[in-house]
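# Observations on chain architecture
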Amino acid sequence: MHELGIVLSIADKVMEVARANQLTEIKAITMQIGEISSVIPEYLEKCFPAAAERNPLFENTELKIEILPARYLCHVCGESFSLGEFEEAKGCPSCKENQLLELLTGRECFIKNIEAW
Ligand SMILES: [Zn+2]
């Protein structure tokens, strides 16, 4: 489980932003996580209190998580499609290719937005 490390680095980054902007309280942090990223949103939520502990900046912080859908591009026919379509067709839905596919989105893990006082 590497979510604690991720949460700690998020906390570090937010603290940097808070310091630079002289923020005293972080209201909410919005994270964007790709649908097939190795990060499990539930674990992230569970680990967050550990990272927030003993830090007055995060006393009332809400962690919001947005899931970004995965999309693939087929290098054979140029079609792009979702994870659901890929699973259903077991490859590219239009030409059935299952090797020359590129993941366009779906592995993201970043801070989208910080709300603060
Ligand atoms: Zn194709």
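Residues numbered from 1 in each chain as written. Predicted model: local features only at pLDDT ≥ 70, side-chain atom pairs only at ≥ 80, totals over all residues. Heavy atoms only, no water.

This part covers the overall build of the protein. On a plain count of helices and strands, the protein comes out with 3 helices and 6 strands. Listed by position from the N terminus, the elements making up the protein come as α-β-α-β-β-β-α-β-β. Against the globule reference of 13 Å for 117 residues, the protein gives a C-alpha radius of gyration of 18 Å, more extended than a compact globule. For the C-alpha atoms alone, the extent of the protein along its principal axes is close to 55 × 25 × 15 Å. Within the protein, buried positions represent 34% of all 117 residues. (Helix = DSSP H or I, 4+ residues; strand = E, 2+ residues; numbered from the N terminus. Rg over C-alpha atoms; globule rule 2.2 N^0.38 Å. Buried < 20%, exposed > 50% of the residue type's maximum accessible area, 1.4 Å probe, protein only.)

A few words on the confidence of the model for the protein. Detailed reading of the predicted coordinates is not advisable wherever pLDDT falls low. Mean pLDDT over the protein: 94, with 99% of residues reaching 70 or higher. Predicted confidence in the protein is weakest over helix 2 (residues 41-52), with a mean pLDDT of 91, and strongest over strand 3 (residues 71-74), with 98. (pLDDT = per-residue confidence, 0-100.)

Under the criterion given, the structure shown has 3 aromatic pairs. With centroids separated by 6.0 Å and ring planes inclined at 20 degrees, the aromatic side chains of Tyr72 and Phe81 adopt a geometry described as stacked. One exposure class covers both Tyr72 and Phe81, and it is buried. Between the aromatic rings of Tyr72 and Phe86, the centroid separation amounts to 4.9 Å while the plane-to-plane angle is 25 degrees, which identifies the pairing as stacked. Taken together, the residues Tyr72 in strand 3 and Phe86 in helix 3 (residues 83-89) connect sequence positions 14 residues apart. (Phe/Tyr/Trp six-rings, centres within 6.5 Å; stacked < 30°, edge-to-face > 60°.)

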